[in-house]
Amino acid sequence: MAVRKKKKVAKTSSTKKKVAKKKVAKKKVAKKKVAKKKVAKKKVAKKKVAKKKVAKKAVKKKVQIAKKVIKKANSDKALFDTMLELTRVTSAEIPDDVQKVVLKALAREEKNTTAEYAMNIIQANIVLAKKKSQPICQDTGTIHIFVEHPVGLDQTKFRKITEKAIVKATQVGYLRQNSVDSLTGKNEGINIGPGHPDLHFKENPKRKSVKISMMLKGGGCENVGAQYSLPNTELGAGRDLDGVRKVILDAVQKAQGKGCGPGVLGICIGGDRGSGYKYSKEQLLRMLDDTNPHPDLKKLEKDIVETSNKLGIGPMGFGGKTTLLGCKIGVLNRLPASFFVSISYMCWAYRRKGIELSNKMEIKNWIY
Amino acid sequence: MIKLEYPFTKDKIRELKVGDMVLISGKMFTGRDAIHKYLHEGNPSPVDLNNQIIYHCGPVVLENKDGSYEVKAAGPTTSIREEPYQWEVMRDHGILGVIGKGGMGPKTLEGNKKYGCVYFHAIGGAAQVLAEKIKSVDNVYLKEKFGSPEAIWELTVDEFPVVVTMDAHGNSLHEKVNTDSSNKLKSLL
């Protein structure tokens, strides 16, 4: 029994030890727990700091995004204002190079003739439209816009903002309600629809800023445009520059005063029926006093103006000395089977303006 | 410079000759492609056009808040598109003057002679000078149907400048310039 007791004692002592050990262990655990808690607290603290940092970053990001949104909104607003102003000026003012030739034509006509009378009213109209900031001509025409831009311009957005500006320009009377559904004849009164405006983009990696040219081309002068396919038996026009000359002069004679002469011709030799007409209009973006780099075309341009002015059609077709104010000719390649000469006639109310934009989409400077 | 004042009469109209520079004062009605086609189809005119002048024009007109109208630009449009219809409008509606640009053809010239009418040429593109001569917009017809540029606008004008290019005696400046320039071109080719 004693042994048993001893054992018991031993047992008890060992259990005591065990208990003690457990206690120590517990204490350790407690310490560990405390430590853990401490660590946890530290972690929480760290997490809080981290969270705070994240929160700060998020705020920063939000601010940045907000700033970007504001910047975008500002540049959207700036582009809207730019397009509205470009439309106003294009509709109300003719470029300086055109004004110069109009004054020359006025001086050239004989005094007290209907031709001089017409040129006087034309000049008075140019002055009045600018002063009143109102359309030179009530036919504010097809809105042709040519955009040359660096890589990365959002064309979809550009179009949207441009359309908004056109709607506004129509509301305030810079533009006539000029866009008609060809099938129903309905005029929505906003100048937006299939093909309207006529917007062309050209990406140019070398450009640092956006360049926009706007041209308003009325229906009267558009209607006297013509496209010839050479050879033309009736006119005896072959597939050479003499043939080209013959068809151009034929178009001038046929136009008479219907295109609101004295006018300016934009011509494309070659291309297909579509590209030819388009390029003929792009010739009208050239300055009237520029020089064609191709010597034959330079000669032909001069000859067309001089010969046309001998025809006696005159301003408005009243008879007189000035039938044409200018002629600009460009060339595209053609197919062996085709030889088109495409002629676009621009009236004296030659509405063409161009601008370069700043990074903020504001008008930096006027090209013409 | 000849002054032609409202009310217009056939006698006064027959006195005018090709080349006359005329200042018109009084009333005129705009009418262009849609209206001419509409009248040609036999529809009645919403306004009495007897002894009136039709102006081939699609003006820029703004509507003020009080419902009144303001003409912002009002030059002539190309007239030749109305060549198939114009003589009928002279016959059926009794107009005695047409204002437009670019001139018209033999049917209209014949109509001028037969019904006592003249063709006045306004200066194409001179929308501001001509809008200044418009003193009031008195009414508008068929605007909802055809849209603003194609509607009939009843206008009062003061000294509206035009040139007679087709008179009531069979003379046409356009015919003459066309023939002369065609002959000249043949000699230059």
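Keep in mind that what you see is a predicted model, and the values were worked out from it rather than measured.

Caption draft 1: Region of interest: the interface of chain A and chain B. Contact with chain A, which involves 45 residues of that partner, is made by 45 residues of chain B. Linking chain A with chain B are one salt bridge. Taking the shortest distance from any N to any O, the salt bridge between A:Lys132 and B:Glu132 comes out at 3.2 Å. For the interface between chain A and chain B, the tally reads 16 residue pairs in polar contact (both at pLDDT 80 or more).

Caption draft 2: Structural detail: helix H8 (residues 295-308) of chain A. The end-to-end C-alpha separation of H8(A) is 20 Å, in line with the 20 Å expected for 14 residues at 1.5 Å each. If you check which residues of H8(A) are buried, you get A:Leu297, A:Leu300, A:Glu301, A:Ile304, A:Val305, A:Thr307 and A:Ser308. Structurally, H8(A) contributes buried residues whose contacts are with helix H6 (241-255), strand E5 (263-269) and strand E6 (324-331) of chain A together with helix H7 (173-188) of chain B.

Caption draft 3: Highlighting the pairing of strand E7 (residues 118-121) of chain B. All names here are of chain B. The side-chain alternation of E7 yields two buried faces, one formed by Val118 and Phe120 and the other by Tyr119 and His121. Direction of pairing for strand E6 (residues 97-100) relative to E7: parallel, over a ladder of four bridges. Pairing of glycine 97 across the sheet is with valine 118, part of E7. Handedness of the β-α-β unit built from E6, helix H4 (residues 106-115) and E7 comes out right-handed. Pairing of E7 with strand E9 (residues 152-166), which is carried by three bridges, proceeds in the antiparallel orientation. From the neighbouring strand, tyrosine 119 faces E9, where its bridge partner is methionine 166.

Caption draft 4: How the structure looks around empty space enclosed by the protein. Residues and elements named next belong to chain A. Considering all chains together, one arrives at two cavities of 30 Å³ or more under this definition. Quantified by volume, the largest cavity comes out at close to 50 Å³. Along its surface, the largest cavity is lined by Gly141, Thr142, Ile143, Asn178, Ser179, Asn191, His196, Pro197 and Asp198. Grouping the constituent residues of the lining of the largest cavity by class yields two nonpolar, six polar and one charged. Residue assignment for the lining of the second largest cavity shows that the elements contributing at least two residues are H6 and strand E7 (340-346).

Caption draft 5: Broad picture of the sheet that holds E7(A). Residue and element names in this part refer to chain A. On the basis of which strands lie adjacent, the open sheet formed by four strands has the order E4-E7-E5-E6 and mixed pairing. What marks the edges here is a single partner per strand, and that holds for strand E4 (226-229) and E6. Between one strand and the next, the sheet's axes are offset by a mean angle of 15 degrees, whatever the strand orientation. Across six bridges, E5 lies against E7 in antiparallel orientation. Residue pairing for E7: isoleucine 267 is matched across the bridge by isoleucine 343. In the packing of helix H7 (residues 273-283) onto the sheet, the strands contacted are E4, E5, E6 and E7, and the crossing angle to E7 comes to about 40 degrees.

Definitions and limits used
Residues numbered from 1 in each chain as written. Chains lettered and ligands numbered in written order. Predicted model: local features only at pLDDT ≥ 70, side-chain atom pairs only at ≥ 80, totals over all residues. Heavy atoms only, no water. Contact = heavy atoms within 4.5 Å. Salt bridge = Lys/Arg side-chain N within 4 Å of Asp/Glu carboxyl O. Polar contact = N/O pair within 3.5 Å; in protein donor to acceptor, adjacent residues only side chain to side chain. Helix = DSSP H or I, 4+ residues; strand = E, 2+ residues; numbered from the N terminus. Expected span 1.5 Å × (residues − 1). Buried < 20%, exposed > 50% of the residue type's maximum accessible area, 1.4 Å probe, protein only. Pairing = 2+ DSSP bridges. Right-handed = clockwise from strand over helix to strand, strands pointing away. 1 Å grid on protein atoms, 1.4 Å probe; cavity = no way out; pocket = protein on both sides within 12 Å on 5 of 7 lines; lining within 4 Å. Points joined across faces, edges and corners; volume = space filled by probe spheres on them. Nonpolar A, V, L, I, M, F, W, Y, C, P; charged D, E, K, R; others polar. Axes fitted to C-alpha atoms, helices over the stretch in contact; angles between N-to-C directions.

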